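In case you want the letters, here they are:
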Amino acid sequence: EQTYFEFEYPIITRKKEVRWIWERGKGIYSDKGKLLYLEGFITDITERKNTEAMLLLKNTVFESSISGNSISDIKGYITNLNAAFLNLWGYKSKSEVIGKHISEFFLDKKAASKIIKSLDGDARWEGEFRAIRKDGSSFLAFALATPVHDSEGKKIGYQSSILDITERKTIEQEAEKNRERMQLFVE
């Protein structure tokens, strides 16, 4: 009879470092059912565990961000997005958006083209543009977009973070008008 086992657990080394171990193997038993010995392998999986933790953290930050985040492929077609993106543009589910070209979210398609061209040159783009929601309404958007590279440095797509700044801009314009009125009054 054989009993198989598999465990993952942390250990602390002599240098007080935490290392993750993956242990797998089987128990070897006598004809009478007595455990004779264990046979197996022990592997240090610390790098894998650290990578998993980092990916989980990055995914959590991406998903819980207050900005509308999206990732697109090299041609500009959206491959991933967060809930804030859905809310910002008035969509209900990711399936409604994935596969759309990023230019579909711009009121001015020429502006979208200029941004994509600047990203093609490996530059980051930061600025404002007029965005269009699913229902056809528009808003002033502030975006930060950068190219995304694979582990070998090859560009594989783009990422963007977008905020609706319509209300902020309106408040700033009103404050400027008030400042000008006050300046005229003082003069």
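Note that the coordinates shown come from a computational prediction; the quantities given were computed from them, not determined experimentally.

1. Re helix 3 (residues 109–120)
The end-to-end C-alpha distance of helix 3, which contains 12 residues, comes to 17 Å, matching closely the 16 Å that a straight helix rising 1.5 Å per residue would cover. Listing the buried residues of helix 3 in full gives Ala112, Ile115, Ile116 and Leu119. For helix 3, the angular spread of buried residues about the axis comes to 100 degrees, placing them on one side. Residues of helix 3 that are exposed and angled more than 90 degrees away from the buried face: Lys110, Lys114 and Lys117. Packing partners of the buried residues in helix 3 comprise strand 6 (125–132), strand 7 (138–149) and strand 8 (155–164).

2. Remarks on the sheet that holds strand 7
Pairing in this open sheet of 5 strands is antiparallel, and the strands run 5-4-8-7-6 from one edge to the other. Because the sheet does not close on itself, it has two edges, and the strands there are strand 5 (78–81) and strand 6. Ignoring strand direction, the axes of neighbouring strands in this sheet form an average angle of 30 degrees. In this structure, strand 6 lies alongside strand 7, joined through 8 bridges in antiparallel fashion. Opposite Glu126, over in strand 7, you have Leu144 as the bridge partner. Helix 4 (residues 166–186) rests against strand 6, strand 7 and strand 8 of the sheet, and its axis sits at about 125 degrees to strand 7.

Criteria and thresholds
- Residues numbered from 1 in each chain as written.
- Predicted model: local features only at pLDDT ≥ 70, side-chain atom pairs only at ≥ 80, totals over all residues.
- Heavy atoms only, no water.
- Helix = DSSP H or I, 4+ residues; strand = E, 2+ residues; numbered from the N terminus.
- Expected span 1.5 Å × (residues − 1).
- Buried < 20%, exposed > 50% of the residue type's maximum accessible area, 1.4 Å probe, protein only.
- Arc of directions from axis to C-beta.
- Contact = heavy atoms within 4.5 Å.
- Pairing = 2+ DSSP bridges.
- Axes fitted to C-alpha atoms, helices over the stretch in contact; angles between N-to-C directions.

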